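# Geometric and topological summary
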Amino acid sequence: MSIALGSLIEQFEKRWPLASAVAWDAPGLVTGSLTQSISRVLLTVDVTAAIVAEAIEGEFDLVLAHHPFLLRPVNNLTEHSAKGNVVSSLIKNNIALYSAHTNADASLSGTTATLAKAIGISDLKGFDAQGSIGTDLSAALGQAQSMSLGEIAANLASVLPQTASSVRVAGSFDQIVNKVALVAGAGDSFADAAYQLGAELFISSDLRHHVVLELLERAKAAGREFGVIDISHWAAEWLWLEVAASELASENSDLTFQVCDVRTDVWDFVVNPSGNQAGLA
Ligand SMILES: [Zn+2]
């Protein structure tokens, strides 16, 4: 069985309204025709040459990606450029590409909400970078029910797919945590609001040195216990794919929604001081 791409996109946009995307974002259809038939959908965080090869090999009709593939302007799409090669491979193989990004983050079962649920953080409330509380769950405050910082980090390590940099923690292992702020994607810009809103722990990905150092120093100066956990951007958002796939499958039982397990976390290994490789092989 199959469905017209246009009808499937209507479902996507009811679930993840384009109006919920932030101004700089570019979600929506990248390649394909609204009238083409879709029966097999491959869900992925990123779009790379390896993922397109997987889509061709698995005879998928649509790649549903989290990150927009053409977010930044390009001047050409020649086949010897990385972007052009991906786009022309998709078009030649009649594979449509669609992305649901910050509009999907915002939803009740989006990337941050999924991450929170996976590690037992409940009672979510959205917040924005200015510190206002709202319903957009791209960034969320929740309750951890007195778990220790070490326990929360261990939970993250067990639910996230394995990556070289794994789970990095600032703070004391035994610190008891109740109020947690989470942002599954790159959360630097929410760090200050998380602190201001009284979180005892901030969990996010792609956190920069100066942002984290300033938070830790502010907390020390204020005599406040504050932990930070930095996780892989890909791993954090990959968890959401399973949720999106099962929601879409329940609405379209005759179509296939498969989560792509190709790792697009950019780091392949870390080394210890003796030069031995640690983490991923
Ligand atoms: Zn992301």
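First, a word on what this report is: a plain description of the structure on this page.

Cut-offs and rules
Residues numbered from 1 in each chain as written. Predicted model: local features only at pLDDT ≥ 70, side-chain atom pairs only at ≥ 80, totals over all residues. Heavy atoms only, no water. Helix = DSSP H or I, 4+ residues; strand = E, 2+ residues; numbered from the N terminus. Buried < 20%, exposed > 50% of the residue type's maximum accessible area, 1.4 Å probe, protein only. Phe/Tyr/Trp six-rings, centres within 6.5 Å; stacked < 30°, edge-to-face > 60°. Lys NZ or Arg CZ within 6 Å of the ring centre and 35° of its normal. Pairing = 2+ DSSP bridges. Axes fitted to C-alpha atoms, helices over the stretch in contact; angles between N-to-C directions.

Right, let's talk about the environment of S165 for a bit. Assignment of secondary structure puts S165 in the loop between α6 (149-159) and β10 (168-170). Remark: the alpha-carbon pair of S165 and D230, spanning 65 residues in sequence, is separated by 9.3 Å.

The element helix α5 (residues 111-118) is largely enclosed, with a buried count of six among its eight residues. Regarding α5, the residues found buried are T111, T112, A113, T114, L115 and A116. After α5 finishes, the residue G120 shows a positive phi value of roughly 80°.

A few words now on the packing of aromatic side chains. For the structure on display, the rule yields six aromatic pairs. Measuring from centroid to centroid gives 5.7 Å for F12 and W16, while their planes differ by 35°, and the two rings are tilted. Like W16, F12 is buried. Between W234 and W238, the aromatic rings sit 6.1 Å apart at their centres with planes inclined by 45°, giving tilted as the arrangement. Of this pair, W234 and W238 both sit in helix α9 (residues 233-251), separated by four residues, roughly a single helical turn. Among the aromatic side chains, those forming a connected cluster through ring pairs are F12, W16, Y98 and W240. One residue, K83, lies across the ring of F69, its end atom 4.1 Å from the ring centre.

One open sheet holds the five strands; their spatial order is β2-β6-β5-β4-β14, and the pairing between them is mixed. Of all strands in the sheet, those with a lone pairing partner are β2 (28-31) and β14 (256-259), marking the two edges. Pairs of neighbouring strands in the sheet enclose a mean axial angle of 25°, with direction left out of account. In terms of strand pairing, strand β4 (residues 40-44) meets strand β5 (residues 62-65) through four bridges, oriented parallel. Bridged to L43 within β5 is L64.

In short, geometric facts, not functional conclusions.
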